[in-house]
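One letter stands for each residue in the lines below.
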Amino acid sequence: GVPFEMKNLITEKVVPYIKQHFQLENIYHHTIVTAGIGESLLAEIIATWEENLAIENISLAYLPQLGSVRLRLSKIANKDTDVVVAVKDQIEKLKKIIPQYIISEDESVQLIDVVVNELLNKSATVSFAESCTGGLFTQKFTQREGASKYLKGGAVTYATESKVRILNVSSKTIDEFSVVSEQVAKEMALGAQRIYESTYAIATTGNAGPLKGDSDQEVGTVCIAIASPNGVYAETFQLGQPRNKVIELAVQKGLMLLYK
C-alpha cells in the first residue's frame, strides 16, 4: 500500500500482534564503519576473523557505499546478555586487525562527520581549491551546521588560467608536468592555504571524463593534494568512470587524506 499507511499498520498492528502471539528470539546487530579500503581487500584481510564468526553463530554483512564499507554483525540467541557479549568480543578482535580503517561504531556516521569532529576538536580550519570536483567539497562541508567554525572557503579553479591567476600556480609547473599532476595539485593546495589562511587545504585536479580536457592523463585520473602545517602531500588515483562516480570518489579520497 501507500508507504505511510504500511508504516502505520506495521507499527500499530503487525508488530504488536507478532509479539503477543509468538515466542521471539533475541537478535542483536552491531555495525562497524570503515573507510579508506575497498570491500574486496577488506574481505581478504579479515578472512580468518570472518571464518571464526561461524563458531559463535554470528553472521556478517558487507554494506559498501562510495568511500566506506559498513560491517554489520548479527547474532540470535536466547538471552540478550549472551548475544551482546559474543558480538562485542569479536568486535574487539576486529579492532586489533584493522584499527587504521575503523572510523566509527555508529552506522549513521559518515567519514565527513568524523573529519568535522576532528577539525573542531583541534580548533583547525580547512579550505579547498577544486578543479574536477567543481565545488563538491565545499558544498558537502557547508551542508553541516556550524561550518563557519572550521570552513574558511573554497575556490573552483576549473580552467587552467584560473589556477595560475587565482592560486598562483606556476605556468612552468603546468607546462612541465601537465595540469593534471601531483605537482600542480600541491601548488593549488598551498595557494588555497595561503589565500584563506587555513590550517589545512585540499586541492583536486583531474580528468573526470568523458573527454581528457587540457591534459593527456587517462580519463578517471585525479590528483589530490593536502597542505598542512607539516608540509604538502599529494597522491594520484585512478577512479574509473562514469564522471559522477569519479567526482564523488575524489571527494571521499580527499576526506580520507584529511582524516589521516
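Whatever comes next refers back to the structure up there.
A brief structural summary. Since this is a predicted model, take the numbers as computed values, not measurements.

What counts as what
- Residues numbered from 1 in each chain as written.
- Predicted model: local features only at pLDDT ≥ 70, side-chain atom pairs only at ≥ 80, totals over all residues.
- Heavy atoms only, no water.
- Pairing = 2+ DSSP bridges.
- Helix = DSSP H or I, 4+ residues; strand = E, 2+ residues; numbered from the N terminus.
- Axes fitted to C-alpha atoms, helices over the stretch in contact; angles between N-to-C directions.
- Contact = heavy atoms within 4.5 Å.
- Patch = residues over 30% accessible without salt bridge, like charges linked within 9 Å, V, L, I, M, F, W, Y side chains within 5 Å.
- Areas by Shrake-Rupley, 256 points an atom, 1.4 Å probe, with all protein chains shown as cover.
- Salt bridge = Lys/Arg side-chain N within 4 Å of Asp/Glu carboxyl O.
- Phe/Tyr/Trp six-rings, centres within 6.5 Å; stacked < 30°, edge-to-face > 60°.
- Buried < 20%, exposed > 50% of the residue type's maximum accessible area, 1.4 Å probe, protein only.
- 1 Å grid on protein atoms, 1.4 Å probe; cavity = no way out; pocket = protein on both sides within 12 Å on 5 of 7 lines; lining within 4 Å.
- Points joined across faces, edges and corners; volume = space filled by probe spheres on them.

1. Description of the sheet that holds strand E8 (residues 221-228)
Phase 1: Pairing in this open sheet of five strands is mixed, and the strands run E6-E5-E7-E8-E9 from one edge to the other. At either margin of the open sheet sits one strand with a lone partner, and together these are strand E6 (151-156) and strand E9 (231-238). When strand polarity is set aside, the average angle formed by the axes of neighbouring strands in this sheet is 15 degrees.
Phase 2: Bridge count for strand E7 (residues 200-206) against E8 is six bridges, and the pairing is antiparallel. Note on E8: the bridge partner recorded for Gly-206 is Val-222.
Phase 3: The strands that helix H9 (residues 182-196) touches are strand E5 (126-130), E6, E7, E8 and E9; relative to E8, the one it contacts most, it runs at about 40 degrees.

2. Focus: a nonpolar patch on the surface
Phase 1: The grouping of Met-6, Ile-10, Val-14, Val-15, Tyr-17, Ile-18, Phe-22 and Leu-24 at the surface amounts to a nonpolar patch, some 700 Å² of accessible area in total.
Phase 2: Examined against the element boundaries, Ile-10 turns out to sit in helix H1 (residues 3-21).

3. Some details on the packing of aromatic side chains
Phase 1: As enumerated under the stated definition, the model contains three aromatic pairs in all.
Phase 2: Centroid distance Phe-128 to Phe-141: 5.2 Å. Interplanar angle 50 degrees. Geometry classified as tilted. Highlighted residues: Phe-128 in strand E5 and Phe-141 in helix H6 (residues 136-142), separated in sequence by 13 residues.
Phase 3: Taking the relative accessible area as the measure of exposure, Phe-141 reaches 0% and is therefore buried.
Phase 4: Aromatic pair Phe-141 and Tyr-150: ring centres 6.1 Å apart, planes at 65 degrees, arrangement edge-to-face. Each member of the pair, Phe-141 as well as Tyr-150, is classed as buried.

4. Notes on the environment of Val-85
Phase 1: Relative to the assigned elements, Val-85 resides in helix H4 (residues 80-97).
Phase 2: For the pair formed by Val-85 and Tyr-62, sequence separation is 23 residues and the distance between their alpha carbons is 21 Å.

5. Considerations on helix H5 (residues 111-121)
Phase 1: Of all the positions in H5, only Leu-111, Ile-112, Val-114, Val-115, Val-116 and Leu-119 are classed as buried.
Phase 2: Two residues or fewer after H5 comes Ser-123, characterised by a positive phi angle close to 55 degrees.

6. Details of the pairing of strand E3 (residues 68-77)
Phase 1: For E3, a buried count of eight out of 10 residues is recorded, marking the element as mostly surrounded by other parts of the structure.
Phase 2: Pairing of strand E1 (residues 26-35) with E3 involves 10 bridges; the strand directions are antiparallel. Note on E3: the bridge partner recorded for Ala-35 is Ser-68.
Phase 3: Of the strand pairs in this sheet, strand E2 (residues 58-65) and E3 are connected by eight bridges, and their pairing is antiparallel.

7. Digging into the pairing of E8
A regular strand places its side chains so that they alternate between the two faces of the sheet.
Phase 1: Of all eight residues in E8, eight are buried; the element is thus mostly enclosed.
Phase 2: Neither face of E8 is left uncovered, since the one carrying Thr-221, Cys-223, Ala-225 and Ala-227 and the one carrying Val-222, Ile-224, Ile-226 and Ser-228 both have all their residues buried.
Phase 3: Counting the residues between successive antiparallel strands, the hairpin from E8 to E9 contains two residues.

8. Section: the layout of surface pockets
Phase 1: Size it by volume and the largest pocket reaches roughly 390 Å³.
Phase 2: Around the largest pocket sit 17 residues that line it, and Met-256, Leu-257, Leu-258, Tyr-259 and Lys-260 are the ones nearest its centre.
Phase 3: Within the residue set of the lining of the largest pocket, elements represented by two or more residues are H5, E8, E9 and helix H10 (243-259).

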